[in-house]
Amino acid sequence: MPMRKTGRYESVIVGGEKVNAFVPFDLPPMRPALAIEDKLEHRLREAEQALVRLDLAGEMVPSLDWFIYAFVRKEAVLSSQIEGTQASLIDLLAFEAEEHPAANADIEEVTNYLDALAYARGQLAAKRGLPLSMRLLNEAHKRLMRGVRGSNKQPGEVRRSQNWIGGSRPGNAAYVPPPPDKLPELLGAFEKYIHADEKLPALVRTGLLHVQFETLHPYLDGNGRIGRLLIALLLEHWRLLKAPLLYLSLFFKRHREEYYRRLNRVRLEGDWEGWTDFFLDGIATIADEAVASARELFNLVSADRTRLLNTESASVSAIRLFEQLPRHPIVTVASTMKLIDASKPTASRAIETLTEVGILTETTGRKRDRSFAYRTYMECLRVGTDLFDRSPAGDQASNSIG
Ligand SMILES: Nc1ncnc2c1ncn2[C@@H]1O[C@H](COP(=O)(O)OP(=O)(O)OP(=O)(O)O)[C@@H](O)[C@H]1O
Ligand SMILES: [Mg+2]
């Protein structure tokens, strides 16, 4: 017996094959309603408190902007990796440091994610910007799907054909989302729920909306990434977090099998409680890890700054360059000239000083066109973003679904 019914099935013919597409009921969960009590209530408190700590960690540092810069990039890389994009955080930072970067489809996907997020946040913050809506998500999708891989995936448009998840054809799929003609109504209700008066806590609703979005699977591709972006937007929209400092994709990457299983269980068993428990655990875990990471980064930068200031040869230019490093952890002589508005010899000397103190390391091994990295800082930030690295407690990787 399922805990509750969460939708109905509709027979559709795809490619000459008859399959059952799932049409979910509108949110919120009903019969029985989702009750946040006992264990879930405890989980909710923990997640909310962890988010408050993360907000405070952001507020306590003098330069919140570089935490945002760093953590947003971390999330962009992680969210793109779930899809199988082979770009690492180091690749992204190196790409951004280059004067004439060469195009590369993996990096393009990550920078598209950054564009999509920046666009959506900009709209939400602007007086006359789009509200949190399908129109906004479609615009974000358009930016996400720009370029080589996405151009044939109807960028910015809700799908007009039947899709499926896992399997080589609909008949052996793990999941067949609703038929396209049902989407306008379903997405209308989805949007309405975002702005509805609801007594469920905002954090819980964020989790419900993510699942509903994945269940509707409104696009031909990029549903996972837009669904994860939606989480970031909702956290800000509902003021659960003032800045996008949570890289929750790390949790989904670490527990990918469980993540897919939980999504399935909502549909098959009506287990919204199990999903909510998992989701809140993810929020609390990653928020606490982000607090620890912010502290570590901050301590590292503070210690290096002290060391630099105690170095006799430290010029004003070297100190100014150092202050730019958290946002530009890879530099060249040319980029330094721009960053600190200096001549070539001054820029070179600033780099030299930071290299002597052990803050910068030359990375190319070349005599010309050299580039220098703030390596200890990048190492600190990189945790969890390596392609095949998983937490000790994580599930085994699997490509069976998605
Ligand atoms: N059984 C399932 N039921 C509902 N949604 C699922 C299921 N399995 C996977 N998903 C969702 O579908 C997403 C994959 O869909 P899609 O390929 O359109 O998105 P993507 O952004 O290109 O990929 P990815 O999320 O893997 O990075 C997964 O991230 C997950 O959120
Ligand atoms: Mg995909």
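Scope of this entry: the structure provided in the associated data block. (Residues numbered from 1 in each chain as written. Chains lettered and ligands numbered in written order. Predicted model: local features only at pLDDT ≥ 70, side-chain atom pairs only at ≥ 80, totals over all residues. Heavy atoms only, no water.)

Focus: the packing of aromatic side chains
Here is step 1 of the chain: Counted under the stated rule, the structure contains 18 aromatic pairs.
Here is step 2 of the chain: Ring centres 4.2 Å apart and planes at 15 degrees place the aromatic pair phenylalanine 252 and tyrosine 259 in the stacked group. Of the two residues, phenylalanine 252 and tyrosine 259, neither departs from the other in class, the shared state being buried.
Here is step 3 of the chain: With 5.7 Å between their ring centres and 25 degrees between their planes, tryptophan 275 and phenylalanine 279 make a pair best called stacked. In this pair, tryptophan 275 and phenylalanine 279 both sit in helix H11 (residues 272-309), four residues apart, roughly one turn of the helix. In this structure, tryptophan 275 and phenylalanine 279 share a single accessibility class: buried.
Here is step 4 of the chain: Connected via pairs of aromatic rings, a cluster forms that spans Trp66, Phe67, Phe71, Tyr247, Phe322, Tyr374 and Tyr377.
Here is step 5 of the chain: The ring of tyrosine 119 is capped by arginine 143, whose NZ or CZ atom sits 3.7 Å from the centre of that ring. (Phe/Tyr/Trp six-rings, centres within 6.5 Å; stacked < 30°, edge-to-face > 60°. Buried < 20%, exposed > 50% of the residue type's maximum accessible area, 1.4 Å probe, protein only. Helix = DSSP H or I, 4+ residues; strand = E, 2+ residues; numbered from the N terminus. Lys NZ or Arg CZ within 6 Å of the ring centre and 35° of its normal.)

Details of the site of ligand 1
Here is step 1 of the chain: In the neighbourhood of ligand 1, 19 residues make up the surrounding shell, with Glu83, Asp221, Gly224, Tyr259 and Asn264 lying closest.
Here is step 2 of the chain: In this structure, an oxygen atom belonging to ligand 1 sits 2.8 Å away from a side-chain N or O atom of asparagine 223.
Here is step 3 of the chain: At 2.7 Å from an oxygen atom of ligand 1 is found a side-chain nitrogen or oxygen belonging to tyrosine 259.
Here is step 4 of the chain: Protein contacts shield 96% of the accessible area of ligand 1, which totals 600 Å² for the unbound molecule.
Here is step 5 of the chain: Of the residues assigned to the shell around ligand 1, the class counts are seven nonpolar, six polar and six charged. (Near = heavy atom within 4 Å. Polar contact = N/O pair within 3.5 Å; in protein donor to acceptor, adjacent residues only side chain to side chain. Areas by Shrake-Rupley, 256 points an atom, 1.4 Å probe, with all protein chains shown as cover. Nonpolar A, V, L, I, M, F, W, Y, C, P; charged D, E, K, R; others polar.)

Focus: the environment of aspartate 91
Here is step 1 of the chain: Mapped onto the fold, aspartate 91 is located in helix H3 (residues 89-97).
Here is step 2 of the chain: Distance from aspartate 91 to alanine 189, taken between C-alpha atoms, is 40 Å for residues 98 residues apart in sequence.
Here is step 3 of the chain: Residues within four places of aspartate 91 in sequence aside, it is in contact with Gln86 and Ile107. (Contact = heavy atoms within 4.5 Å.)

Observations concerning the sheet that holds strand E3 (residues 330-331)
Here is step 1 of the chain: The three strands lie next to each other as E3-E5-E4, forming an open sheet whose pairing is antiparallel. Each edge of the open sheet carries a strand with a single partner, namely E3 and strand E4 (361-362).
Here is step 2 of the chain: As judged from the two bridges shared by E3 and strand E5 (residues 372-373), these two strands associate in the antiparallel manner. When the bridges of E5 are listed, valine 331 appears paired with phenylalanine 372. (Pairing = 2+ DSSP bridges.)

Some remarks on the packing of helix H2 (residues 64-82) against helix H15 (residues 375-382)
Here is step 1 of the chain: Remark: H2 packs on H15, axes separated minimally by 10 Å, with the N-to-C direction vectors making an angle of 55 degrees. Here H2 is positioned oblique relative to H15, judged by the angle of their axes. As for how H2 packs across H15, the hand of that crossing is right-handed. Facing H2, whose interface residues are Trp66, Ala70, Phe71 and Lys74, H15 presents Tyr377, Leu381 and Arg382.
Here is step 2 of the chain: Among the residues making up the contact of H2 with H15, the classes are represented as five nonpolar, no polar and two charged. (Axes fitted to C-alpha atoms, helices over the stretch in contact; angles between N-to-C directions. Parallel < 35°, antiparallel > 145°, perpendicular 65-115°, else oblique. Left-handed = near helix turned anticlockwise from the far one by under 90°.)

Some points on the environment of alanine 87
Here is step 1 of the chain: Relative to the elements of secondary structure, alanine 87 occurs in the loop between H2 and H3.
Here is step 2 of the chain: Separated by 84 residues in sequence, alanine 87 and methionine 3 place their C-alpha atoms 41 Å apart.
Here is step 3 of the chain: The contact partners of alanine 87, leaving out residues within four places of it in the chain, are Val77, Gln81, Asp106, Ile107, Val110 and Leu387.

A look at the nonpolar core
Here is step 1 of the chain: Phe71, Leu246, Phe252 and Trp275 are the most contacted members of the largest nonpolar core, which totals 118 residues.
Here is step 2 of the chain: Here this core takes 15 residues from H11, the largest share from any one element.
Here is step 3 of the chain: Those residues in contact with leucine 246 that sit more than four places away from it in its chain are Leu51, Leu54, Glu75, Leu235, Leu241, Ile283, Ile286 and Ala287.
Here is step 4 of the chain: One finds Val12, Val14, Val19 and Val176 within the second-largest nonpolar core, a separate group that totals five residues. (Core = buried A, V, L, I, M, F, W, Y, C linked by side-chain atoms within 4.5 Å.)

As for the packing of helix H7 (residues 202-216) against H11
Two quantities define a packed helix pair, namely the angle between the axes and the distance from one axis to the other.
Here is step 1 of the chain: Where H7 contacts H11, the two axes come as close as 10 Å, and the packing angle between them is 115 degrees. With respect to H11, the element H7 is oriented roughly perpendicular. H11 is crossed by H7, and the crossing has right-handed handedness. The segment H7 lies against H11, with Leu203, Val204, Thr206, Gly207, Leu208, His210, Val211 and Gln212 engaging Trp272, Trp275, Thr276, Phe279, Leu280 and Ile283.
Here is step 2 of the chain: Residue composition of the contact of H7 with H11, grouped by class: nine nonpolar, five polar and no charged.

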